[in-house]
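Architecture and fold: a report
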Amino acid sequence: VKKFALLRDYVKVGVDVSEYFDPEDFEFAKKEQKRRLLEDSSITDIIMHFKVKLSKINAKYEEREDIEYKKAGVGGLEQLDRWKQTTAWGLGYASAYLNTAVYGIRQRRYTIKSASSGTGKTRTQIADIAHAFSPYYYDKKSGEWCENPNGTDNKVLYIGTEMELLEEIEPILYAYIADVPQDHIEFNMYEEDEEERVRKAVEILENNSFIYLALAPEFDIETLTTIIEEHKIEYGITSVFFDYIMPTGALMAEYTNKIKGHMTVREDQVLLELSKAIKNICRKYNISFDTCTQVSGDFKNAENRDETIVRGAKALVDKCDVGIIAMPPTDKEKKMIEHILNSYVLRGDKKLHCPEPNLVYSIYKNRGGK
């Protein structure tokens, strides 16, 4: 009785139940086959049968960037051959140590670096962009312009949130590529051939590079997605460097509209939603995504430099593949490397001592790395 009641309810909403019962089916063998199927099926079996049919239809049209399906082994041999040709290494960060740990800038990888104000979050990002994506750079040792071993046609997008692109971001690129102190550029303090090298760096960026810059101070998820999609389609970028994750008015309003004001909007929820969207962007557009966050106010008292001192939402680092805390070194840490700082290398008749580091990277998460 319950089975027939269930089938009648399905019919009322327009579901075809003729696989189980069809009053207009007069062929005895078919009617008997359906009767047995209905008899052998439980209520749950019938419900699941129609759920599966609907889900298969929905899956064809529903866009879900966070879901993928595949059969294990399919495409595996091709992937092995790709690794034989290119290995799993990505493009190189400016830090060779960081490359060793995380295997470089790799597509579909989401990296978060957290640091306090004034630690050089933006500066180190721009250094990484110049190191991996400028097709040429000046080598002081040889006194020549060299082709970048990372390649000459790598494509990247930098999205800033605060600093002016031409007056503040580009000079960092010029300084790195030409190997000239930035203040020499901005305050016209050039020495010897520095100005010539800087002008050459500008020409390389304009005519030979595929480094694109955008400024989005009042961003939300839709804005970021649109900017990235446009640059992926038009320029074929493979990497994105985003200045840093922070709550903006537009981001808060976007989330409020999404939940339709049904609950109080918390900053940590908004940042978590943004982090989830970034990871989905990495997968959808097959790009790497590097960004920064601030650390919390009590970071100076933190013994462990990990996700517990990330400001805003500790849960946002759950979605990243690489998590880094960047801090000035403590006296204890300097003591640990004293023997390195006291060592030197000979260059001709000069002793070159190791420069004292001003930054320590603590890697607390390294998915798919060393």
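Refer to the structure presented above.
Conventions used here
Residue numbering note: each chain is counted from 1, following its sequence as written. For this predicted model, a pLDDT threshold of at least 70 governs which residues receive local features, and a threshold of 80 or more governs which side-chain atom pairs are given and counted, while totals over whole chains, interfaces and linings are taken from all residues. Side-chain metrics in this entry use all non-hydrogen atoms of the structure; hydrogen atoms and water are not considered. The helix and strand labels rest on DSSP assignments: H or I over at least four residues marks a helix, E over at least two residues marks a strand, and numbering proceeds from the N terminus. Here the radius of gyration uses the C-alpha set of atoms, whereas the globule reference equals 2.2 Å times the residue count to the power 0.38. Summary of the burial criterion: residues with accessible area below 20% of their type's maximum are buried, those above 50% are exposed, and those between are partly exposed, where the area comes from a 1.4 Å probe applied to protein chains only. Contacts are assigned to residue pairs with any non-hydrogen atoms lying within 4.5 Å of each other. What sets the accessible areas is the Shrake-Rupley method with a 1.4 Å probe; for residues, cover comes only from the shown protein chains. We define a nonpolar core as any set of buried Ala, Val, Leu, Ile, Met, Phe, Trp, Tyr and Cys residues linked to one another through side-chain atoms lying within 4.5 Å. Disulfides are defined in this document as cysteine sulfur pairs within 2.5 Å. Within the patch definition used here, like charges are joined within 9 Å and nonpolar side chains (Val, Leu, Ile, Met, Phe, Trp, Tyr) within 5 Å, considering only residues with over 30% relative accessible area and no salt bridge. Any Lys or Arg side-chain nitrogen found within 4 Å of a carboxyl oxygen on Asp or Glu counts as a salt bridge.

What to know about the overall build of the protein chain
Counting its regular elements, the protein chain contains 14 helices and 11 strands. On C-alpha atoms alone, the protein chain measures out to a radius of gyration of 28 Å, which is more than a quarter above the 21 Å that the 2.2 N^0.38 rule sets for 370 residues. Each principal axis of the C-alpha distribution contributes one length, and for the protein chain these read about 105 × 45 × 40 Å. The burial tally for the protein chain puts 38% of its 370 residues in the buried class. Looking at the protein chain alone, contacts between residues at least 24 apart form 70% of all its contacts between residues at least 6 apart. Entry remark: accessible area of the protein chain is about 22600 Å², with carbon and sulfur atoms responsible for 52%.

Observations regarding the environment of Y93
Mapped onto the elements of the fold, Y93 is located in the loop between α4 (76-86) and α5 (96-102). The buried category is assigned to Y93, whose relative accessible area is 4%. Here the alpha-carbon distance between Y93 and I105, two residues 12 residues apart in the chain, equals 6.6 Å.

Some points on the nonpolar core
Ranked by internal contacts, the top residues of the largest apolar core, which has 40 residues, are L157, I159 and I228. Counting residues per element, this core draws most heavily on helix α12 (residues 267-285), at 8 residues. Aside from chain neighbours lying at most four places away, what touches I228 is L157, I159, I237, V240, I281, Y285, I287 and F289. Residues L91, I105, V322 and I324 belong to the second largest nonpolar core, which totals 29 residues.

Things to note about the state of the cysteines
Across all of its chains, the model carries 0 disulfides by this definition. No disulfide involves C320; its sulfur sits 10 Å from that of C282, the nearest cysteine.

Some points on a nonpolar patch on the surface
On the surface, L77, L80 and W83 cluster together into a nonpolar patch covering about 340 Å² of accessible area. Following the sequence through the fold, L80 ends up in helix α4.

Looking at the environment of I126
Within the secondary structure, I126 is located in helix α6 (residues 121-133). In this structure, the C-alpha to C-alpha distance between I126 and A94, residues 32 residues apart in sequence, is 9.5 Å.

Here's the deal with the pattern of salt bridges
Using the criterion set out here, one finds 14 salt bridges in the structure. Measuring nitrogen to oxygen at the nearest pair gives 3.7 Å for the salt bridge that ties K276 to E273. Here E273 and K276 lie together in helix α12, a separation of 3 residues that amounts to about one turn. Among the residues examined, K276 registers a relative accessible area of 35% and is labelled partly exposed. Here D321 makes a salt bridge to K279, at a shortest N to O gap of 2.7 Å. Pair noted here: D321 is in the loop between β7 (288-294) and β8 (322-327) and K279 is in helix α12, with a separation of 42 residues, a long-range link. Under the relative-accessibility criterion, K279 is labelled buried at 14%. What emerges from the salt-bridge pattern is a single network uniting E32, R35, R36 and E39.

That's the geometry; what it means functionally is another story.
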